Amino acid sequence: MNEPIIHRHWLAIAAPKAAPAIATTTVLALARIWNANGAEHSVGNAVLMTSLSLGAAAAGVAAGNSTGDSVLVGTAFAASGALAFAGVAGYADGLPLPLLLWSLATAGAYGLAARYWRTDRLDRLTHERDTSERREEYAHVERIETLRATTQIEVARSGAAYAEALAQALVTRATLPGFDPRALESAGLPQLPTTERKSA
C-alpha cells in the first residue's frame, strides 16, 4: 500500500505556532491606535470595554453550564480576556502596562494552545499507529492469500501433469501386444475410452 508523500510548506507548519503571538500583538497594536485616537483616560470607553469583557465571560460561563462545549467556552473566555486587555491597553497612558499585559496574555495563550497541540499530536500518533497496524495486517493477509493461491495453482499443475502422463502411459501401453484393459479396470484404474480400445 503506497501512500502519497505530502510535503507541507514551512509557513503552513509555522503559522499555527505563531498564531497566539500574532493575535495578542494585533490586539495590542489596535488598542494603542485606539489610545492615540482618544481612548486614553476615557471613562466611557473603559466602561464599554469592561461591559463587553464581562459579557463575554458571562457567555463563557453560560456555555459551560448549558452545553459543556470546551471549544465554545474557551473562545468566550479568550474573547473576554482580549477585550479586557484591549480596554486596559487603550485606556492606559504609556507602554509599560500594555506591554506587561501583552506578555502575560501571550504566555497564557501559548499555555492554552500547548494543551491543544499536545492532544492533537497524541491523536495524530494514535491514528498513524492504527494505520500502520492495519497496513501490516492487510499485508500479512495478502501474503497468506498469495501463498495459498500459488499452492493451489502448483497442485493443479502437478495434477494435470500427472493425469497427462498417466493418460500417455495408458495410451502407449494399449498399443503394446497382449494388453488387457480389464486387468487395469480391476486394479482400480479408470476405464480407457472406447476409441482407444478399438485403436488398440
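Cut-offs used in this document
Residues numbered from 1 in each chain as written. Predicted model: local features only at pLDDT ≥ 70, side-chain atom pairs only at ≥ 80, totals over all residues. Heavy atoms only, no water. Helix = DSSP H or I, 4+ residues; strand = E, 2+ residues; numbered from the N terminus. Buried < 20%, exposed > 50% of the residue type's maximum accessible area, 1.4 Å probe, protein only. Contact = heavy atoms within 4.5 Å. Axes fitted to C-alpha atoms, helices over the stretch in contact; angles between N-to-C directions. Parallel < 35°, antiparallel > 145°, perpendicular 65-115°, else oblique. Left-handed = near helix turned anticlockwise from the far one by under 90°. Expected span 1.5 Å × (residues − 1). Phe/Tyr/Trp six-rings, centres within 6.5 Å; stacked < 30°, edge-to-face > 60°. Lys NZ or Arg CZ within 6 Å of the ring centre and 35° of its normal.

(A) Looking closely at the overall build of the protein. Each helix and strand counted, the protein has 6 helices and 0 strands in total. Reading the secondary structure of the protein in the N-to-C direction produces α-α-α-α-α-α. Residues classed as buried in the protein amount to 16% of the 200 residues present. Contacts in the protein between residues far apart in sequence, at least 24 positions, make up 65% of those at least 6 positions apart.

(B) Looking closely at the packing of helix α2 (residues 43-66) against helix α3 (residues 70-91). Contact geometry of α2 with α3 gives a least axis separation of 8 Å together with a crossing angle of 165 degrees. What the angle tells us is that α2 and α3 run roughly antiparallel. Where α2 crosses over α3, the handedness of that crossing is left-handed. On the side of α2, the interface is formed by V43, A46, M49, L52, S53, A56, A57, A59, G60, V61, A63 and G64, while α3 contributes L72, V73, A76, F77, A79, S80, L83, A84, A86, G87 and Y91.

(C) How the structure looks around helix α4 (residues 96-174). Between its terminal C-alpha atoms α4 stretches 114 Å, which fits the 117 Å expected from 79 residues at 1.5 Å a residue. Every buried residue belonging to α4 is among P98, T106, A113, T131, L170 and A174, and all of these are buried.

(D) Local environment of the packing of aromatic side chains. A full pass over the atoms with the stated rule returns 1 aromatic pair. Each ring, one from Y110 and one from W117, has its centre 6.2 Å from the other, and the planes form 65 degrees; the classification is edge-to-face. By relative accessible area, which is 26% here, W117 ends up partly exposed. The positively charged end of K17 is found above the aromatic ring belonging to W117, 4.2 Å away from the centroid. The lysine or arginine in question, R115, covers the ring of Y116, its NZ or CZ lying 5.6 Å from the ring centre.

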